[in-house]
Amino acid sequence: MLSPRIWPTVCTNRSGRVIGPCLSALSESALSDTTIVVLSGLAGSLLRERSREVERLIPEATLVVESKGGLSRARNAALAAVAPGDVVAYIDDDAVIAPTWPSAMRKAWLGAPEDVALVGGPVKPLFLAPRPRWVSDYFLAGLSIVDHGPTARFLDEATDGFLFGANLSLVARHAQSVGGFDPRRGPVGKGPGFGDDIDIQLRLSRGGFRTFYDPE
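Quick notes on the rules
- Residues numbered from 1 in each chain as written.
- Predicted model: local features only at pLDDT ≥ 70, side-chain atom pairs only at ≥ 80, totals over all residues.
- Heavy atoms only, no water.
- Helix = DSSP H or I, 4+ residues; strand = E, 2+ residues; numbered from the N terminus.
- Rg over C-alpha atoms; globule rule 2.2 N^0.38 Å.
- Buried < 20%, exposed > 50% of the residue type's maximum accessible area, 1.4 Å probe, protein only.
- Areas by Shrake-Rupley, 256 points an atom, 1.4 Å probe, with all protein chains shown as cover.
- Lys, Arg positive; Asp, Glu negative; His and termini not counted.
- Charge placed at Lys NZ, Arg CZ, Asp CG, Glu CD.
- Axes fitted to C-alpha atoms, helices over the stretch in contact; angles between N-to-C directions.
- Left-handed = near helix turned anticlockwise from the far one by under 90°.
- Contact = heavy atoms within 4.5 Å.
- Salt bridge = Lys/Arg side-chain N within 4 Å of Asp/Glu carboxyl O.
- Core = buried A, V, L, I, M, F, W, Y, C linked by side-chain atoms within 4.5 Å.
- Phe/Tyr/Trp six-rings, centres within 6.5 Å; stacked < 30°, edge-to-face > 60°.
- Lys NZ or Arg CZ within 6 Å of the ring centre and 35° of its normal.

Turning our attention to the overall build of the protein chain. If you tally the helices and strands in the protein chain, you get seven helices and eight strands. Scaling as 2.2 N^0.38, a compact globule of 216 residues should have a C-alpha radius of gyration of about 17 Å, and the protein chain matches this with 17 Å. Across the 216 residues in the protein chain, those meeting the buried criterion constitute 49%. Accessible surface, the protein chain as shown: approximately 10900 Å² in total, 55% of it carbon and sulfur. Positive and negative charge centroids in the protein chain, built from 23 and 24 side chains respectively, lie 5 Å apart.

A pair of packed helices can be characterised by two numbers: the angle between their axes and the separation between those axes. Remark: helix α1 (residues 16–27) packs on helix α2 (residues 44–57), axes separated minimally by 9 Å, with the N-to-C direction vectors making an angle of 35°. When you trace α1 past α2, the crossing you get is right-handed. Counted together, G16, I19, G20, L23, S24 and S27 of α1 and E53, V54 and L57 of α2 form the full contact between these two elements.

A separate point is the pattern of salt bridges. When their charged atoms lie close together, side chains carrying opposite charge are able to pair. Taken as a whole and judged by the stated rule, the model has 12 salt bridges. The salt bridge involving D137 is made with R131; its shortest N-O contact spans 2.9 Å. Residue class for R131 comes out partly exposed when judged on its relative accessible area of 37%. The shortest N-O distance in the salt bridge between D182 and R184 comes to 3.0 Å. Overlapping salt bridges bring together E49, R50 and E53 as one network.

What follows deals with helix α3 (residues 71–81). Taken together, the buried positions of α3 are S72, A74, R75, A77, A78 and L79. Where α3 is buried, its residues meet β1 (6–12), β2 (36–40), β3 (62–66), β4 (87–90), α6 (172–177) and α7 (196–206).

Ranked by internal contacts, the top residues of the largest apolar core, which has 30 residues, are L23, L26, I91 and W109. Contributing elements (two or more residues each) for this core: β1, α1, β2, α2, β4, α4 (101–109) and β5 (116–120). With five residues, the single largest contributor to this core is α1. A166, L170, A172 and I200 belong to the second-largest nonpolar core, a separate cluster that totals 29 residues.

This part is about the packing of aromatic side chains. Aromatic rings in a pair are described by how distant their centres are and how their planes are angled relative to each other. For the structure on display, the rule yields three aromatic pairs. Seen from their ring centres, Y90 and F181 are 5.5 Å apart, and the 85° between their planes marks the pair as edge-to-face. One end of the pair, Y90, is in strand β4; the other, F181, is in the loop between α6 and α7, with 91 residues separating them in the sequence. Of the two residues, Y90 and F181, neither departs from the other in class, the shared state being buried. Between W134 and F139, the ring centres sit 5.7 Å apart and the planes meet at 70°, which makes this aromatic pair edge-to-face. Overall, the relative accessible area of 63% leaves W134 in the exposed class. Residue placement shows R75 over the ring face of Y90; its charged tip is 5.7 Å from the ring centre. Here R210 stacks its cationic end above the ring of F154, 3.8 Å away from the centre of that ring.

Right, here's the structure in full:
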């Protein structure tokens, strides 16, 4: 049964104005002192500026610098920064956690079986204006919106689909045991512009690990 340390992790190269809502919500949470922010693909004065912005928004966070660009490399840098048995809980830099997210994440991992490598939950759209009629539910799926229903359960990717990196947590050693995130995938990768999160879920599943979905 697991009781790991959880590290909320944001990978970004964007300005404080853009990532402010994400980091402010984490700063106000019970996990602010174990938050990791990975700054990716930045150098020189821009890196210094982004670092100062992160320190202002969430001073308790651990700052990790990944000099090479690419979301997959940034995600792997976070895996390397924690202990093997710890959990890295990825949150997109344009996502905002709910106030109940820290306690729900802890509860989901507390006592999870050893073969659980991934835990995640829904990703909901936050519209800043009335939803346009042309934004269908099908279109939202392409924006990393996730809803696998109201019941906590193990997912079968063949019938249920996947979790997305906006709300996806992994045990570091399990993720590293299958090679981590593929740097050829994801933004700035040489292959598909997306899908590094789905790819690692498939490799973990083939390795005998399970994925748990918690609607909370």
